[in-house]
2 protein chains.
Amino acid sequence: MRTPSTAAARPLAVLALIACTLFGTLAPAHADEGMWLINRPPLAGLKEQYKFEPTPQWLETMQKSSVRFATGGSGSLVSSQGLVLTNHHVGADMLAKLSTPKRDLLREGFRAATLQDELRCPDLALDILWTIEDVTTRVNAGATPDMDPAAAGAARRSAIAAIETASEKATGLKSEVVTLYQGGQYHLYTYRRFDDVRLVFAPEQEIAFFGGDTDNFEYPRFNLDCCFFRIYENGAPLKSEHHLRWSADGAAADELVFVFGHPGRTRRLYTLDHLRFMRDVEMPKLLAKAWRDEVKLTGFAARNEENARIASDDLHGIQNGRKARTWLLAGLQDPVLLDMKKSREDALRDAVARDETMRAGYGSAWDRVAQAQQTYAAIFDRYQQLENGWRRSSLARHARTIVRLVDEREKPSGERLREYADSRLDTVERALFSPEPIYDALEIETLTNELAFRAETFGGDDPVVTLLLDGKSPAARADELVGGCTLRSVDARKKLVEGGRSALESSPEPLIRMMLSIDNAARAVRTQYEDEVESVERLAYADIAAATFAIEGDTVYPDATFTLRMTFGPVEGWKEGGAMIAPFTTFAGLYQRHADRKGLGEFSLPKRWLDAKSTLPLDTPFNFVCSVDIIGGNSGSPVVNRKGELVGLIFDGNLPSLVGDVIYDGSVNRAVAVDSRGILTALDVVYGAKELVREIQGSKK
Amino acid sequence: MRTPSTAAARPLAVLALIACTLFGTLAPAHADEGMWLINRPPLAGLKEQYKFEPTPQWLETMQKSSVRFATGGSGSLVSSQGLVLTNHHVGADMLAKLSTPKRDLLREGFRAATLQDELRCPDLALDILWTIEDVTTRVNAGATPDMDPAAAGAARRSAIAAIETASEKATGLKSEVVTLYQGGQYHLYTYRRFDDVRLVFAPEQEIAFFGGDTDNFEYPRFNLDCCFFRIYENGAPLKSEHHLRWSADGAAADELVFVFGHPGRTRRLYTLDHLRFMRDVEMPKLLAKAWRDEVKLTGFAARNEENARIASDDLHGIQNGRKARTWLLAGLQDPVLLDMKKSREDALRDAVARDETMRAGYGSAWDRVAQAQQTYAAIFDRYQQLENGWRRSSLARHARTIVRLVDEREKPSGERLREYADSRLDTVERALFSPEPIYDALEIETLTNELAFRAETFGGDDPVVTLLLDGKSPAARADELVGGCTLRSVDARKKLVEGGRSALESSPEPLIRMMLSIDNAARAVRTQYEDEVESVERLAYADIAAATFAIEGDTVYPDATFTLRMTFGPVEGWKEGGAMIAPFTTFAGLYQRHADRKGLGEFSLPKRWLDAKSTLPLDTPFNFVCSVDIIGGNSGSPVVNRKGELVGLIFDGNLPSLVGDVIYDGSVNRAVAVDSRGILTALDVVYGAKELVREIQGSKK
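Predicted model, so just to flag it, every value in this text is computed and none were measured.

1. Remarks on the overall build of chain A
1) Next: Within chain A one finds 25 helices and 21 strands.
2) Next: In terms of C-alpha radius of gyration, chain A reaches 25 Å, essentially the compact-globule figure of 27 Å for 701 residues.
3) Next: Expressed as lengths along the three principal axes of its C-alpha atoms, the size of chain A is roughly 65 × 65 × 50 Å.
4) Next: Evaluated residue by residue, chain A yields a buried proportion of 51% over its 701 residues.

2. Section: the environment of Phe258 of chain B
All names here are of chain B.
1) Next: Among the secondary structure elements, Phe258 is positioned in strand β13 (residues 256-261).
2) Next: Spatially, the C-alpha atoms of Phe258 and Glu645 are 9.9 Å apart, while their sequence positions differ by 387 residues.
3) Next: What Phe258 contacts, discounting residues up to four positions off in sequence, is Met566, Phe568 and Val640.

3. So, the relation of the copies chain A and chain B
1) Next: For the match of chain A to chain B, the screw axis carries a shift of 0.1 Å, the RMSD comes to 0.0 Å, and the turn is 180°. Such values leave the two copies arranged in the relation of a two-fold axis. Taking C-alpha positions as reference, the residue of chain A nearest the rotation axis is Trp291 of chain A, located at 2.7 Å.
2) Next: Comparing interface residues between copies, 100% of those in chain A also lie at the interface in chain B; the contact surface is shared.

4. Side note on the interface of chain A and chain B
1) Next: Between chain A and chain B, the contact holds 36 residues from the first and 36 residues from the second.
2) Next: Every element with two or more residues in the side of chain A that touches chain B is listed here: α9 (212-215), α10 (272-302), α11 (305-332), α17 (440-458) and α19 (474-482) of chain A.
3) Next: Take the side of chain A that touches chain B: its biggest share by element is 11 residues, from α10 of chain A.
4) Next: For the side of chain A that touches chain B, a count of residues per class yields 14 nonpolar, 9 polar and 13 charged.

5. Here we look at the domain arrangement of chain A
Residue and element names in this part refer to chain A.
1) Next: In terms of domain boundaries, chain A breaks down into domain 1 (11-91 + 211-229 + 246-264 + 560-697), domain 2 (127-194) and domain 3 (272-548).
2) Next: For domain 1 versus domain 2, the distance between C-alpha centres works out to 32 Å.
3) Next: The interface of domain 1 with domain 2 comprises 10 residues on the first partner and 8 residues on the second.
4) Next: Mapped by element, the contributors of at least two residues to the side of domain 1 that touches domain 2 are α3 (56-65) and β2 (66-69).
5) Next: The greatest single-element share of the side of domain 1 that touches domain 2, amounting to 3 residues, is contributed by β2.

6. Side note on the sheet that holds strand β20 (residues 646-653) of chain A
Residues and elements named next belong to chain A.
1) Next: If you walk across this open sheet you meet the 8 strands as β1-β14-β13-β19-β20-β21-β18-β17, and the pairing is antiparallel. Single-partner strands in this sheet number two, and they are β1 (36-37) and β17 (584-586).
2) Next: Pairing between β20 and strand β21 (residues 671-675): 5 bridges, direction antiparallel. Across the sheet, Leu649 pairs through a bridge with Val674, a residue of β21.
3) Next: Sitting on the sheet, helix α22 (residues 587-596) is in contact with β17 and β18 (621-626), with an inclination near 70° to β17.

7. A look at unusual backbone geometry
Residues and elements named next belong to chain A.
1) Next: A cis amide bond links Tyr219 to the next residue, Pro220, at an omega of 5°.
2) Next: In this fold, Pro220 is placed in the loop between α9 and β11 (227-233).
3) Next: For Gln182, which is not glycine, the phi dihedral falls at a positive 50°.
4) Next: Exposure remark for Gln182: the 22 C-beta atoms within 10 Å place this residue in the buried category.

8. Observations regarding the sheet that holds strand β14 (residues 565-570) of chain B
All names here are of chain B.
1) Next: Here 8 strands make up an open sheet; going across it, the order is β1-β14-β13-β19-β20-β21-β18-β17 and the pairing antiparallel. Of all strands in the sheet, those with a lone pairing partner are β1 (36-37) and β17 (584-586), marking the two edges.
2) Next: Both strand β18 (residues 621-626) and strand β21 (residues 671-675) contribute to a ladder of 4 bridges, which runs antiparallel. Bridged to Asn623 within β21 is Val674.

9. A word on the nonpolar core
1) Next: Formed by 168 residues in total, the largest nonpolar core has its most connected members in Ala399 and Leu511 of chain A together with Ala399 and Leu511 of chain B.
2) Next: If you tally residues by element for this core, the top one is helix α21 (residues 510-552) of chain A, at 16 residues.
3) Next: Excluding its chain neighbours within four sequence positions, the residues that come into contact with Leu511 of chain A are Leu395, Ala396, Ala399, Leu481, Cys485 and Leu487 of chain A.
4) Next: Of all hydrophobic cores here, the second largest spans 103 residues; its members include Ala202, Phe228, Leu256 and Leu680 of chain B.

10. Things to note about the packing of helix α14 (residues 365-387) of chain B against helix α22 (residues 519-552) of chain B
Residues and elements named next belong to chain B.
1) Next: Axis separation between α14 and α22 bottoms out at 9 Å; the angle between their running directions is 155°. As far as their axial angle goes, α22 and α14 are roughly antiparallel. Crossing angle aside, the handedness with which α14 passes α22 is left-handed.
2) Next: Classifying every residue of the contact of α14 with α22 gives 15 nonpolar, 3 polar and 7 charged.

11. Some words on the confidence of the model for chain A
All names here are of chain A.
1) Next: Looking at chain A as a whole, its pLDDT mean stands at 92, while 95% of the residues score no less than 70.
2) Next: The model gives residues 1-29 a pLDDT under 50, and that stretch makes 57 contacts with residues more than four places away or in other chains.
3) Next: Among the prediction metrics, the complex's ipTM stands at 0.89, with pTM recorded as 0.90.

12. Some details on the pairing of strand β8 (residues 174-180) of chain B
Residue and element names in this part refer to chain B.
1) Next: Taking burial as the measure, the 7 residues of β8 include 5 buried ones, the bulk of the element.
2) Next: The pairing of β8 with strand β9 (residues 185-194) spans 7 bridges and is antiparallel. Note on β9: the bridge partner recorded for Glu176 is Tyr189.
3) Next: Hairpin connection from β8 to β9: 4 residues lie between these consecutive antiparallel strands, with Tyr181 at a positive phi of about 50°.

13. Description of the environment of Phe228 of chain A
1) Next: Note that Phe228 of chain A resides in strand β11.
2) Next: Excluding anything up to four places from it in sequence, Phe228 of chain A contacts Leu83, Val84, Leu85, Val200, Phe201 and Leu692 of chain A.

14. Topic: the pairing of strand β20 (residues 646-653) of chain B
All names here are of chain B.
1) Next: For β20, the buried fraction is high: 8 of the 8 residues fall into the buried class.
2) Next: Relative to β20, strand β19 (residues 638-640) runs antiparallel, the two sharing 3 bridges. Each bridged residue has a counterpart across the sheet, and for Pro638 the counterpart in β20 is Leu649.
3) Next: Count of turn residues in the β19/β20 antiparallel hairpin: 5 residues, of which Gly644 carries a positive phi of about 80°.

Criteria and thresholds
- Residues numbered from 1 in each chain as written.
- Chains lettered and ligands numbered in written order.
- Predicted model: local features only at pLDDT ≥ 70, side-chain atom pairs only at ≥ 80, totals over all residues.
- Helix = DSSP H or I, 4+ residues; strand = E, 2+ residues; numbered from the N terminus.
- Rg over C-alpha atoms; globule rule 2.2 N^0.38 Å.
- Buried ≥ 20, exposed ≤ 12 C-beta atoms within 10 Å, placed from the backbone.
- Contact = placed C-beta atoms within 7 Å.
- Least-squares fit on C-alpha atoms with pLDDT ≥ 70 in both.
- Nonpolar A, V, L, I, M, F, W, Y, C, P; charged D, E, K, R; others polar.
- Domains from an automatic or database assignment.
- Pairing = 2+ DSSP bridges.
- Axes fitted to C-alpha atoms, helices over the stretch in contact; angles between N-to-C directions.
- Core = buried A, V, L, I, M, F, W, Y, C linked by C-beta atoms within 7 Å.
- Parallel < 35°, antiparallel > 145°, perpendicular 65-115°, else oblique.
- Left-handed = near helix turned anticlockwise from the far one by under 90°.
- pLDDT = per-residue confidence, 0-100.

This is the structure:
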């Protein structure tokens, strides 16, 4: 195992970056850092560095061709009939839900030759960003200076709910207030939401994820990590006015490209102490859980083929997260990185200290963040395992949602837990009433693991553990909770919710009773988190953001928030261990890697690909890397050229990109994309998907 | 995942057991519990239950035919020419050390057709138990009642070293004082030690470990988990007066069988609070490390074939330990088990409380054990990670040994850390000067993992972590420690040891410097462990043992201590989920399982076995289960019949046996063995090893 980049190679590039971030006047060492707000594009930098001046029309087309997957990914409209391109691994969740023991879409792939063959997804919602408005003043209006952090936090949460509700009423659009700069600004985003989404095409997982966990985040790569969905409106394909044209020529080495997508979260504005918390508490604990889940689920999957099928999607998700966090933690454990962070922070704090007004207003902010982390460290396990952490079991997730939904509905929207605000109820209900398949064997395995995890963390005699286990072993309790559980029926879930409090409180369902029994404890730790951690952080980071703006101007981009961002940079390789990694791979490289690894295990290929080898143009570009600043959530983002044509499809970052959560190092951080030419050629030659090729190629604006 | 046995099925059998243990007069529900001392066999029970009365000669032959592998396993002499039978997985460590990139003995197996072809093992020592003497009085003599636990502990450790040294001087035999009943008794064991041991035969790992981690601890099983070594003395095969004859007929269902072997450790006499410590601290922490190691090493092995080869033995070890601990923890998390323990303990404590003398002498013992566990919980991580836990990296292990050996040699034997006492120095030097291969890639991987583990546990700014990392990331530091490390040469290690303190203190070797830098911290936590945990436990458990003997008589067997024990019971299956599991499997079942799993992954078979299918008598018994009380360390133990003939070879326990560390449930706990007929037929038909078959069959006393 190696660190993302050698300690010796990195400092110069990043120290220059620090200088550039802190003192905006210096020319950037590498201009490609930044996940820019679509309403605040870095026009000056683009013009200066790349002589490119996007028109408002160009930006609008990019914005309205970009698609957000509510499940946590990105995509783009690529035809006038609502055709959406994204990654196979973004769609994998849906492929799993649409599979049966007899038809394994992950393994076999899928192709709808006609509209009638397209498969409606059980619970997928796609969002297209329509408008943005700065509502910072309105959000902060209710939080007066005399309030303590908890009261200020409550006031802001209430204001946000009111703004969202009013916007939905006025526009009919899904409305979300986004917290930027960790609390420095608040913007209202409205989206067109589409919930009739159908599967059009997916390749076999073997080629979509060729090389598996071994090659994940590595490069060179050879993955057809794509799939196609179609948005329907009123039962017919969406007439998509805005969409991306498909470039016939793809991108060239050194060409400037743009990526529009929804990076999930970065923490580049975090303080040094906040990073120490990540290094010493958050990442170690989350990784330990990932190791546990991976070993347990791998053992479960090995038992038989059906287990392997039903665990496959979860297992890939766990492995992907594990590898990403491993490299992020490795970065945080590299003293060079934290030293750089310290220099940057010292410079900013010195500047604040030198100005009496700023010192009085913002000087204590860093210590307040540190204090919040100490509190968080003390409650981290309980917050993660009682309040969060029921995600992997569908039944437990549903039980928790029902218990909370019935409770929260009785309050005014602004006083509810935020995910139950009026503007978010449709998301809650879509997930709760999804007809996705639920597998008893996997549920028992998962719940056994989750219950044992809590017993191990808190001790077998902890009062909450006693409530969870009810006098049984984790395995026996999981058997009891899953065996005969009525919540696997959508109707039963609906009935419980409709029955309200009385139905809930008289329900004999063991999972409901369990979730009810721990609800007070879970809510208590959540309140403590919101009041003593999050609200303190919000106020402190708002101060730090204000100080940063005062000293640097507002040319700083905010951390990622799973909202639309623009990033850009050239198609280019990087230097690793003295050798240059070339930016493009080809189909020829795919077959070579397959041969080198004897086609075993993760390196097997689908029969279609083995058969097509003689007819495929082997020099077709397949994957490429570019210096754009992305992170998880960007999966499925379109890569476009200056003309706004689609030249690639983001599906991964290289290993050095994984520390990008906290710092961007342009000398080695690369995004990995499927080449538009590779996709089109594969569709044509390997899959014979002529109808799809025609639709894509006929797609002129 | 299921618990070892259902909560409903277990209580009766075990409650009866408790009654039997506490009040020796009741007839045992299942007589097969017990790892009996060879000098205190349960003659009355054997006679009553099985009408069997072993003669002293029978017992002596069993004792002197039994072999202990210093690396942690058992075996037996099976010919008059020093031929030793054990498990493939006991020999795997040697097979790995004897392998090269071109000759992978684990994958290919090995057969020496003549004595000249046998391969000498680089660092294997085998012990045969010769005499036993009770030295309890001598050990306790120096520990007077006015001493605090730490001083008493030091006095006992010093007495033990003196007894061992005197015995070695007097007898020339390797001498070890064994602590029984957690401190209730001390026995002096002397061994004939043999250090010229050569590899004779090993099958391919594919058939030795058919089914891999998936089938490990499961049943039915189909594993040829055997290999053969030969003891040499003065350059010639040992003339072994005592050895086991090989049964031609094997064992029959329901037949009484005996197992002689070296169970490593059980904790059946632990108090309730001690088990709570295991449940809430020890097992969760050790398992978390196992998950971590397994995921990291699996990723390393996946990178290429050479990585897979060099990591294979470690990986199997990690997976084996992980599965065993998983099921042990599952048992501890079953409230039924701890409730049973509580009933048993309450009864004993009540009996003590009712007698004024016993109350005054022993009444506080349980609370003192609990107090020791609280202390241990607080220092557990530091003790494990600074003092222990350098085992997986050969280079780090060697560096630690050199640092300690040079230091300890300067003190009198009785004042040294116990593993450096005169009587143990040959073991230390054998390991330190072993010419086993050391692989840089694996060393870097392992050290990166170990360093990162410490940084995650103690935090990146912990002073000891700062010493360990020396301003670098874990990966960069591991690169530095391994790259150019001189300790991979046996000569360099010898030279450093011979050079003594001055050579050590001036050594520029980074690993030596690192181990020196943390040695004070490591020794400090060890002292705290020995004084505040171990010594307190020893005194408290001596009191509990005395109370138990007073109330129950001394018919209680001591917990396992990796010394020779006898256990017995019938060949029989067990009931699982309403169905009976049959005791025997056959070669036919092997080929069926291979076909059912399509021969993929862990279920592949060597070419020899595929080719031999048509000529093998498919109804030959292959594996069987019996109700004998074994645990890790018993691997490789012979299974013998009343005539003392070898009928099988222990290689595993079933899943319900894994909670046997703390409790034995005769209704479901089964040991798994290779049938003597299966081994002989495979040697003959599959491998054509006529010379080995002749030696085994010609082996008459």
